[in-house]
Amino acid sequence: MNNEIPIDVALSMYGTMVRIRRFEQAVSELYARGKIPGFLHTYIGEEAVAAGVCANLRLEDKIISTHRGHGHLIAKGGRLDLMMAELFGKATGYNKGKGGSMHIAEPDLGMLGANAIVGAGAAIINGAAFTAQYLGNDGVAVAFFGDGATNTGTFHEAMNFAAVWNLPSIFVCENNGYAESTPRRQHQKIQAVAQRAVAYDMPGVTVDGNNVGAVYLATRSAVQRARSGGGPAFIECQTTRWRGHHEADQQHYRPKEEMLTIEDRDAIRDWRNELLARGVSAAQLDEIEQTAAQELENAVAFAEASPLPDPAQAYTDIFTPVSEAL
Amino acid sequence: MNNEIPIDVALSMYGTMVRIRRFEQAVSELYARGKIPGFLHTYIGEEAVAAGVCANLRLEDKIISTHRGHGHLIAKGGRLDLMMAELFGKATGYNKGKGGSMHIAEPDLGMLGANAIVGAGAAIINGAAFTAQYLGNDGVAVAFFGDGATNTGTFHEAMNFAAVWNLPSIFVCENNGYAESTPRRQHQKIQAVAQRAVAYDMPGVTVDGNNVGAVYLATRSAVQRARSGGGPAFIECQTTRWRGHHEADQQHYRPKEEMLTIEDRDAIRDWRNELLARGVSAAQLDEIEQTAAQELENAVAFAEASPLPDPAQAYTDIFTPVSEAL
Amino acid sequence: MAEMTYREAIRQALREELAHDERVYLLGEDIAEFGGSFKVTLELLDEFGPRRIRNTPISEMAILGCAVGSASTGLIPVAEIMYSDFFGMAMDQVVNQAAKMRYMFGGKLEIPMTIRAPMGGRRSAAAQHSQCLEAWFMHIPGIKIAMPSNPSDAKGLLKTAIRDPNPTIVFENKMLYNVKGEVPDEPYFVPFGKANIVRSGNDVTVVALSDMVDYALKAAKQLEQEGVSVEIIDPRTLVPLDMDAIVTSVKKTGRLVVAHEANRTGGVGGEIAAQAGHRAFDYLKAPIERVGAADAPIPFAPNLEREILPDDRHVYQAVLRVMDYGG
Amino acid sequence: MAEMTYREAIRQALREELAHDERVYLLGEDIAEFGGSFKVTLELLDEFGPRRIRNTPISEMAILGCAVGSASTGLIPVAEIMYSDFFGMAMDQVVNQAAKMRYMFGGKLEIPMTIRAPMGGRRSAAAQHSQCLEAWFMHIPGIKIAMPSNPSDAKGLLKTAIRDPNPTIVFENKMLYNVKGEVPDEPYFVPFGKANIVRSGNDVTVVALSDMVDYALKAAKQLEQEGVSVEIIDPRTLVPLDMDAIVTSVKKTGRLVVAHEANRTGGVGGEIAAQAGHRAFDYLKAPIERVGAADAPIPFAPNLEREILPDDRHVYQAVLRVMDYGG
Ligand SMILES: Cc1ncc(C[n+]2csc(CCOP(=O)(O)OP(=O)(O)O)c2C)c(N)n1
Ligand SMILES: Cc1ncc(C[n+]2csc(CCOP(=O)(O)OP(=O)(O)O)c2C)c(N)n1
Ligand SMILES: [Mg+2]
Ligand SMILES: [Mg+2]
């Protein structure tokens, strides 16, 4: 199956995952050192989802993200320096330091924002999908969200709405088995989250979210269908949250045996092996890692060196100025 | 199947349906004559649902209703005179004239109110179900709502919540094929509304909502299961709205052929035939009809003769007074 | 000038904007063939087709989410929330998403969406179908609010709202839909943030919102006969709010009454009174009076509803109170 | 008197009420083993068991619906909305259901439910996790609102809320959770509708909500050295509101500053200013000043957030403005 994936895509997904992992490891550490204010939810362990999904997308395709959003922006082409500066609350950040980790966004890359309201993105993405449908182009729009988010009313309304309007919306559930501290069996009873798609007559699949190839292929067929007017799809990616819900979370609620096995599945290591098996040289893969490491080093230096936002910035961007001539 | 239903229950359901039909026909006419202010949504054609469901309930069991709520209150034992007075906006109404058609309620009968917010009742009924579960009695709680309501976020959250907490909540969908003017195929894509139960791992069934016996039996098994700790259930009752969404609705959106066949199925006539076939005399059934007609006549007279609320009543019942001693 | 109803004026605004800009589309519950609960959008489906006039499921959060997302990506949605009360289902999309996204993203998005929201009571629609909730939104930076009080403004403000690159709510008064008024024939826009001096006067300023403007006019006529000269100001928009016009008037009259149908406590009348009291402190001859619904849910019975809701009698009495103050 | 944090005081209130009345139970997201996002309910699962301390899915509408329905049928729920901002998902259950059911049903129900809602910013939690939304609820008749500013009130007001037969929201200030204060050992309740005169003074009245009380105290100390005597009033509850205490004070001092963290425009400061301006009109020596957040969403960057949010400096300056007025 994975052999179907063109090697350049396979390599690019590897690079994406590595960049996400490095970024998240770095911000986790920087957070501990007090460099990053606010909340920090890392995506470590879940990299294959963003990487596998976004490898199917074009620049013009839209995505919307969650409180755990860095990986999605990176996978959609985000620059680590502008991201790091945003997380530092610096003027040079993607969003002038006004958004931070939970609201990082780059519409020019089709990334409509991390979103700190669980479930909200699913409703918004329909609008982006509708724009594509309305304009008659073959764009698609992807909402990422967690297993916990599928219990929100917003999710339900959004799924039904997408089905009824036959929108090119793709709903990607990152099922990491937890909503904050609550294990999934305590917040929903169904076996697979993808069963929820039945309620909307929408195709739903469950894939191994630690296998970037599987994520890629499942998304590919959903994207192809959506691009050709076939309507929305739901993809459940089963994955693992390696760290706490956010960086301050001690995870006492996670059973000890589970803690010991969290890192047993490592999508990056597995994909590396896959690539090696396909004949990619270790050196080439190491170079990808080094490039990422270098990029990250630059990003931190950039963020450190960047100025704080001018206090006057607090009062701008509330409204778009209105031009006199209507 | 229907023969399983004890004859006294079968007769009582007949009486309930007749009382609802007479009440609704009367209020429709009184509304046209300007006697009833506000909105009026009649339940004509859907009587079998309320009658069949509530025949399984005890006084202590709770129900919650919708904008189309008269039938539910009647089925739970409501008095037509107090109801009529409420719809007239009179001081003697169930709710002192403060609620009217869309908020008629009688908690002493376990009827937690008509509710003019689509979907809201499904969330509230879980609380009533939880009270029973918490107190360890075998009470159940039933939410009625329409097909359109199953597209609200509230419905989804409530269904999942009931499933996770294993509540004795019974969700009864009155699928009349329309949400206001919108035919069901335009507001959801699934074949049967009951498919939605899959998303919560909740038992869901579809029954002929024009067959009061079928409604009764489906509810009976759901109620039995819920009373014995088996958790919630979803029952879709396929039925027909004979009149407009509300009394001012001209129904231009309904195809002509459909308009001609609306009354083809008549749950009351069918059940009458069923009862005759089971050996009940026509005279006995006619008497039920006459009793209802008499009750209704009295109700109208009572409502007409009742005083308007004292204007000072506008300022009471906002808060429950607080006793000094805590 | 043509005479038409508030409803027709709104429909004309929608029609003109749909014709003017292909990016404009309408969405909401039962707005297509049915024309919406208040028949405002009637005929538009025939004129513009199902691509642009779109029914939705009963899903207020999804409706507004679609509006936010499509506005963020190049379209110009006009969403209808059938009754203002139903904002209770979907506040998040308005206040946490639409109103904040541009700011949170450092100015990287525009959200040119409009929400049409019928508001108000006086129809025995009871507690869940009668509210005036503009105060909720005035408290949240990032969203504009218009409250047209007559057909001409209804058209002109809605057109301005649709052209505005920001999220905007237009609260339509249900009791005005059938009210007729003159509407200019030539194309026009009513600018946001510019109050309308509905009537000039010297003794007292009445700031009135939505259908309270008509009640204020009625009271003013009566008061004129009693020798009291009332100036009536219709702010037209709450965000932006033309406080300058109000303050100028209060400095002239020395007396202020603020009137809205929303519950008095916590209503925008408090905000306007506080700002006017601050800026015109030295000019005030009497305490500022506020007219609003008594602080109760809206009852069903018509006589109780009349008891709760403000009308010309309340404006009249409030004016007398400020006129009689101290004297 | 024991010294304890605001968090511990709240937990003690919950513990006492859970012990006192079997009908009391808690529900909310992650409140059980995890103790809630702010660890307020930590330990209670061990003490009272899973029947009474209940986790929920991420379903704010369902949480509050369960609270409404169980309160209507004999239980006494205490629901947590993890962040006040999330009311955006579930306003309907608060304002259209809980606040109105008793009235709509002609007094036939009681809804003794309490909602605990952490509020406020100053934590770089950005625009969707930092709001103060008490003004929304003050506008809706039928729901009571408490805003404790210190550990002792946090305990006493929450206990009163739980015993109150009406729906009540207690807004807990996130920045106060770790603040310590004296809490009485013996059982006590802090009554609703009775303001706390936090500090007596003669020159100016400062009405401060939630953590603005501490900022006001800080400003007052500074001002005292400069010869200005500040009286500080903490209303403790907004519904009911002890306007008598505020008006009495303003009649004494002739000057009023109202301070809250919520956005200034449309905040409850407008309501309080309007009422005080009305009732103490002849006593006012200067325009009433309002202190609140600048009208912007809350930015992430700490320096921008400090720019937007009010603190002791703003109270200090507002007091100077009212002192210097006209003079
Ligand atoms: C509407 C809403 N409710 C609650 C929260 C608090 N919260 C933030 S993340 C989270 C858990 C989300 O779980 P899931 O959707 O599975 O995403 P994950 O964190 O596992 O990636 C919660 C409860 C929120 N941000 N928004
Ligand atoms: C949240 C909300 N949205 C919209 C409405 C307006 N409305 C009232 S009834 C109705 C249709 C309901 O359809 P359905 O649930 O199928 O019930 P039916 O009327 O068919 O019995 C609508 C849209 C409402 N009352 N509440
Ligand atoms: Mg999760
Ligand atoms: Mg229906």
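Residues numbered from 1 in each chain as written. Chains lettered and ligands numbered in written order. Predicted model: local features only at pLDDT ≥ 70, side-chain atom pairs only at ≥ 80, totals over all residues. Heavy atoms only, no water.

A. Representation of the coordination of the magnesium ion (ligand 3). Residue and element names in this part refer to chain A. Protein ligation of the magnesium ion (ligand 3) involves Asp147 (OD), Asn176 (OD1) and Tyr178 (O), the donor distances falling in the range 2.0 to 2.1 Å. Counting residues between consecutive donors of the magnesium ion (ligand 3) along the chain gives the motif D-x28-N-x1-Y. Remark: asparagine 176 occurs in the loop between strand 3 (169–175) and strand 4 (178–179) and aspartate 147 occurs in the loop between strand 2 (141–146) and helix 6 (153–164); sequence separation between them is 29 residues. Just as aspartate 147 is buried, asparagine 176 falls in that class too. (Donors = N, O, S within 2.8 Å, 3.2 Å for Na, K, Ca; no water. Helix = DSSP H or I, 4+ residues; strand = E, 2+ residues; numbered from the N terminus. Buried < 20%, exposed > 50% of the residue type's maximum accessible area, 1.4 Å probe, protein only.)

B. The arrangement of the interface of chain D and chain C in detail. With 54 residues of chain D in contact, the opposing surface of chain C contributes 54 residues. For the pair chain D and chain C, the summed buried area comes to about 4,200 Å², and 61% of that belongs to carbon and sulfur atoms. Between the two partners, chain D and chain C, sit 2 salt bridges. In this structure, the salt-bridge partner of glutamate 271 of chain D is arginine 290 of chain C, at a minimum N-O distance of 2.8 Å. (Contact = heavy atoms within 4.5 Å. Buried area = accessible area lost by both parts, 1.4 Å probe. Salt bridge = Lys/Arg side-chain N within 4 Å of Asp/Glu carboxyl O.)

C. Structural view of the domain arrangement of chain C. All names here are of chain C. Under the domain assignment, chain C is made up of domain 1 (2–183) and domain 2 (196–324). Centre-to-centre, using C-alpha coordinates, domain 1 lies 26 Å away from domain 2. Contacts between the two partners involve 25 residues from domain 1 and, on the opposite side, 31 residues from domain 2. Between domain 1 and domain 2 the total buried area reaches about 2,200 Å² when both faces are included, carbon and sulfur atoms providing 56% of it. When residues of domain 1 are sorted by the area they lose upon contact with domain 2, Arg122, Ser124 and Met138 head the list and together hold 32% of the total. On the surface where domain 1 and domain 2 come into contact, there are 3 salt bridges. Between glutamate 261 and arginine 122 there is a salt bridge; the shortest N-O distance is 3.6 Å. (Domains from an automatic or database assignment.)

D. Structural view of the interface of chain A and chain C. On the chain C side, the residues contacting the 43 residues of chain A number 49 residues. The junction of chain A with chain C conceals about 3,700 Å² of combined surface from both sides, 64% of it contributed by carbon and sulfur atoms. Across the contact surface, chain A and chain C share 1 salt bridge. Of the charged contacts, one joins glutamate 106 of chain A and lysine 108 of chain C as a salt bridge, the two residues approaching to 3.1 Å between their closest N and O atoms.

E. Representation of the layout of surface pockets in the model. In this model, the largest pocket occupies a volume close to 570 Å³. Lining the largest pocket we find 24 residues, and of these His246 and Ala248 of chain A together with Ser37, Phe38 and Lys39 of chain D sit closest to its centre. Among the residues forming the lining of the largest pocket, the class breakdown is 10 nonpolar, 7 polar and 7 charged. (1 Å grid on protein atoms, 1.4 Å probe; cavity = no way out; pocket = protein on both sides within 12 Å on 5 of 7 lines; lining within 4 Å. Points joined across faces, edges and corners; volume = space filled by probe spheres on them. Nonpolar A, V, L, I, M, F, W, Y, C, P; charged D, E, K, R; others polar.)

F. Quick peek at the packing of aromatic side chains. Tallying each qualifying case throughout the model produces 41 aromatic pairs over all chains. Connected via pairs of aromatic rings, a cluster forms that spans Phe39 of chain A together with Tyr6, Phe38, Tyr83, Phe86 and Tyr177 of chain D. Arginine 21 of chain B extends its terminal NZ or CZ atom over the ring of tryptophan 242 of chain B, reaching a point 4.5 Å from the ring centre. The cationic tip of arginine 51 of chain D hangs over the ring face of tyrosine 134 of chain B; the distance from NZ or CZ to the ring centre is 3.9 Å. (Phe/Tyr/Trp six-rings, centres within 6.5 Å; stacked < 30°, edge-to-face > 60°. Lys NZ or Arg CZ within 6 Å of the ring centre and 35° of its normal.)

G. Structural view of the sheet that holds strand 10 (residues 204–208) of chain C. All names here are of chain C. Ordered in space as 9-11-10-13-14, the 5 strands form an open sheet in which the pairing is mixed. Pairing within the sheet leaves two strands with one partner each, and these edge strands are strand 9 (196–199) and strand 14 (289–293). Across the sheet, the mean angle from the axis of one strand to that of its neighbour is 25 degrees, orientation sign disregarded. (Pairing = 2+ DSSP bridges. Axes fitted to C-alpha atoms, helices over the stretch in contact; angles between N-to-C directions.)

H. Up close: the packing of helix 5 (residues 120–135) of chain B against helix 3 (residues 60–72) of chain D. Where helix 5 of chain B meets helix 3 of chain D, the closest approach of the two axes is 6 Å, and the angle between their N-to-C directions is 50 degrees. Taken together, the axes of helix 5 of chain B and helix 3 of chain D are oblique relative to one another. Considering the relative orientation of helix 5 of chain B and helix 3 of chain D, their crossing is right-handed. Contact residues: helix 5 of chain B offers Ala123, Ile124, Asn126, Gly127, Ala128, Phe130 and Thr131 of chain B, while helix 3 of chain D offers Met61, Ala62, Gly65, Cys66, Val68, Gly69 and Ser70 of chain D. Along the lines of polarity and charge, the residues of the contact of helix 5 of chain B with helix 3 of chain D split into 8 nonpolar, 6 polar and no charged. (Parallel < 35°, antiparallel > 145°, perpendicular 65-115°, else oblique. Left-handed = near helix turned anticlockwise from the far one by under 90°.)

I. How the structure looks around the packing of helix 1 (residues 7–32) of chain B against helix 4 (residues 80–88) of chain B. Residues and elements named next belong to chain B. Contact geometry of helix 1 with helix 4 gives a least axis separation of 12 Å together with a crossing angle of 25 degrees. By the criterion of interaxial angle, the relationship of helix 1 to helix 4 is roughly parallel. Taken as a pair, helix 1 and helix 4 cross one another with a handedness that is right-handed. Residues Arg19, Phe23, Ala26, Val27 and Leu30 of helix 1 form the contact with helix 4, whose own contacting residues are Leu80, Met83, Met84, Leu87 and Phe88.

J. Region of the structure containing the pattern of salt bridges. Per the stated rule, a full pass over the model turns up 88 salt bridges over all chains. Across the salt bridge formed by glutamate 47 of chain B and arginine 21 of chain B, the nearest N and O atoms sit 2.5 Å from each other. Separated by 26 residues along the polypeptide, glutamate 47 of chain B in helix 2 (residues 47–54) and arginine 21 of chain B in helix 1 bring together distant segments of the chain. Among the residues examined, arginine 21 of chain B registers a relative accessible area of 6% and is labelled buried. Lysine 144 of chain C is the salt-bridge partner of aspartate 164 of chain C, the closest N and O atoms lying 2.8 Å from each other. Highlighted residues: aspartate 164 of chain C in the loop between helix 7 (151–163) and strand 7 (168–173) and lysine 144 of chain C in strand 6 (residues 144–146), separated in sequence by 20 residues. Accessibility assignment for this pair places aspartate 164 of chain C and lysine 144 of chain C in one class, buried. One network of salt bridges, with partners in common, ties together Glu16, Glu17, Lys155, Lys159 and Arg163 of chain C.

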